[in-house]
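Chain by chain, the residues run as shown.
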Amino acid sequence: MKRIDFGTKFAHGVGAMAFAAKDAAFVNFVPFFYTQVIGLSGTLYGWAALAGQISDALSDPIFGTLSDNHRSRRWGRRHPFMVGSILPLAFCFLLLFNPPAGWSGVKLCLYLAGVAIALRTFVTMFSIPHTALGAELSDDYEERSLIVSYRTMLGWLAGVALPALGLTFVFSRGADGGDGRLVATNYSAYAWMSFVVVVVAIAITAFFTRKQIPRLPVPATRRKLRWLDPFRDVLDALRNRNFRRIFSALLLLGVSTGVAVTLGYYTNTYFWEFSATQIGLILSSSVIGTTLAFAILRPLVTRFEKRSILLVSILIMIVNGIWFPSARLLDLLPPNGDPILFPLAVIFQMVMAGAVMTIQTMGASIVADVVDEHEVETGERREGVFFAAMGFSMKIPTGLGQLAGGILIDTIGIETGLQPGEVPADVLWNLGLVVGPLLALSYLAPTALLALYRLDRSRHAELRAILVERHSAEPTQDGDQDAS
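These remarks concern the structure in this document. (Residues numbered from 1 in each chain as written. Predicted model: local features only at pLDDT ≥ 70, side-chain atom pairs only at ≥ 80, totals over all residues. Heavy atoms only, no water.)

The next subject is the environment of valine 14. If you trace the backbone, valine 14 turns up in helix α1 (residues 6–14). When the C-alpha atoms of valine 14 and tryptophan 192 are compared, they prove to be 19 Å apart, with 178 residues separating the residues in sequence. Discounting chain neighbours no more than four positions away, the residues touching valine 14 are Leu154, Ala201 and Ile204. (Helix = DSSP H or I, 4+ residues; strand = E, 2+ residues; numbered from the N terminus. Contact = heavy atoms within 4.5 Å.)

Here it is as structure tokens:
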């Protein structure tokens with residue numbers, strides 16, 4: 001199995017829009033909504049976010065092992081979980097942006113934690129089988145990168161379009177000409193937008209990839225699962241040296257990502273003082289960056305090793321993360337409101353989007369190759385487990401980063417309900433220092449770990465030759481599948 005048709009690649013990629021809806025909400029709106037609009041303290045928000053991330057991390061290995069071990073002749077290993085997640089996940093968005101009226105403090109924190117846990121669990125129920133399915137669609141070194149690039153690009157498009165449309169048409173203004181980002185009812189409308197995206201995206205990816213089920217690999221044996229098996233599987237995956245390096249790098253990346261997620265919307269609103277419409281347009285410029293990255297990705301993968309592309313992309317992200325905020329901190333830019341700032345922000349966003357899209361694509365493609373290495377070494381094929389372990393390594397550290405970001409909101413001194421332009425200069429300087437040079441430089445350590453990764457094109461060709469020879473010698477195991 002090597003090449004697959006465009007329709008299947010596209011339909012599989014559409015599923016990433018459901019995951020992107022979750023990211024779009026938590027990156028762009030949830031921290032700001034609960035702290036600035038509803039009045040939850042940054043620290044309490046951080047604890048709720050950490051609870052959601054811990055639950056998310058624990059559910060990853062569970063759904064990875066469950067989908068790896070599931071058997072169904074008609075529906076395959078992955079599709080039952082994907083379809084089963086649709087409605088519960090969609091309804092969680094409505095709960096997320098419609099907390100009970102009058103709740104505050106610890107009570108509101110517990111509500112947010114509960115909804116975040118439920119939403120992230122159903123996202124995992126879909127995304128782990130969906131990502132594992134992408135690794136199973138092809139065993140070709142370059143084709144895998146193309147499959148992931150479709151998924152990453154379409155996820156990025158949804159992750160950009162959803163908040164951009166919301167900022168342009170929902171949050172652009174409030175009652176009596178006030179700032180629409182501080183109006184609670186606007187977030188309810190955005191929740192319904194997310195609901196529709198989730199239902200449509202998962203339905204499309206499940207329906208139009210179902211024809212691939214008979215062609216997907218099915219391990220010959222089926223285990224009787226025990227409670228701790230998902231976490232034993234993660235430990236088993238970590239016996240692979242290359243995967244240990246990726247796992248360790250993601251642990252460090254997660255903390256930085258958590259801080260960025262919590263403070264990013266604050267930065268555009270208060271540090272740069274962009275309007276909701278301007279932020280929507282800046283986010284929309286990500287489409288240009290991701291499209292350019294998508295266009296050059298296949299030629300790059302054909303010519304260069306995946307590790308080299310990954311490392312260069314991270315370095316571009318670091319440099320880009322430093323120059324723009326640092327120029328403001330050093331008074332090298334004109335004051336907020338000057339016409340030059342908006343195009344500079346667009347360039348900043350385009351470069352960042354292209355770099356991050358490439359990093360995500362190369363990371364997932366590399367893990368798919370490591371799955372082959374693991375199968376050669378152990379005789380077991382565990383796409384679900386490896387991608388679950390990859391998610392596990394990011395989510396608890398990301399939760400810790402979100403907790404740190406929430407504490408920073410309180411420590412820096414950004415008070416609830418402030419309009420853009422009302423934040424003191426020293427508070428803004430501290431915010432810029434954190435989200436600019438300090439955050440960018442924190443990516444150097446995980447970059448050093450990823451530089452130690454060793455699995456190139458020639459080694460992967462050797463692994464595939466071993467697996468092809470091994471599989472050709474194995475008898476067909478149709479009797480191990482349940483006719484459901």
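On to the nonpolar core. Membership of the largest hydrophobic core comes to 133 residues, with the highest contact counts inside it found for Val30, Tyr34, Leu96, Phe97 and Phe243. No other element matches helix α15 (residues 341–378), which puts 19 residues into this core. Not counting chain neighbours up to four residues away, the residues in contact with valine 30 comprise Ala25, Tyr45, Leu96, Phe97 and Leu112. (Core = buried A, V, L, I, M, F, W, Y, C linked by side-chain atoms within 4.5 Å. Buried < 20%, exposed > 50% of the residue type's maximum accessible area, 1.4 Å probe, protein only.)

Packing of helix α2 (residues 16–28) against helix α7 (residues 105–136) leaves a shortest axis separation of 9 Å and a crossing angle of 150°. Judged by the angle between their axes, α2 and α7 are roughly antiparallel. The handedness of the crossing between α2 and α7 is left-handed. Side by side, α2 and α7 meet where Ala16, Ala18, Phe19, Lys22 and Phe26 of the first sit next to Ala116, Leu119, Arg120, Val123, Phe126, Ser127 and His130 of the second. The class makeup of the residues in the contact of α2 with α7 is eight nonpolar, two polar and two charged. (Axes fitted to C-alpha atoms, helices over the stretch in contact; angles between N-to-C directions. Parallel < 35°, antiparallel > 145°, perpendicular 65-115°, else oblique. Left-handed = near helix turned anticlockwise from the far one by under 90°. Nonpolar A, V, L, I, M, F, W, Y, C, P; charged D, E, K, R; others polar.)

Judged by side-chain polarity, Val312, Ile316, Trp323, Ile347 and Val351 come together as a nonpolar surface patch covering roughly 400 Å² of accessible area. Contributions of two or more residues to the nonpolar patch are made by α14 (306–329) and α15. Sort the elements by how many residues they give to the nonpolar patch and α14 lands first, with three residues. Looking at where isoleucine 347 falls in the secondary structure, it is placed in helix α15. (Patch = residues over 30% accessible without salt bridge, like charges linked within 9 Å, V, L, I, M, F, W, Y side chains within 5 Å. Areas by Shrake-Rupley, 256 points an atom, 1.4 Å probe, with all protein chains shown as cover. Salt bridge = Lys/Arg side-chain N within 4 Å of Asp/Glu carboxyl O.)

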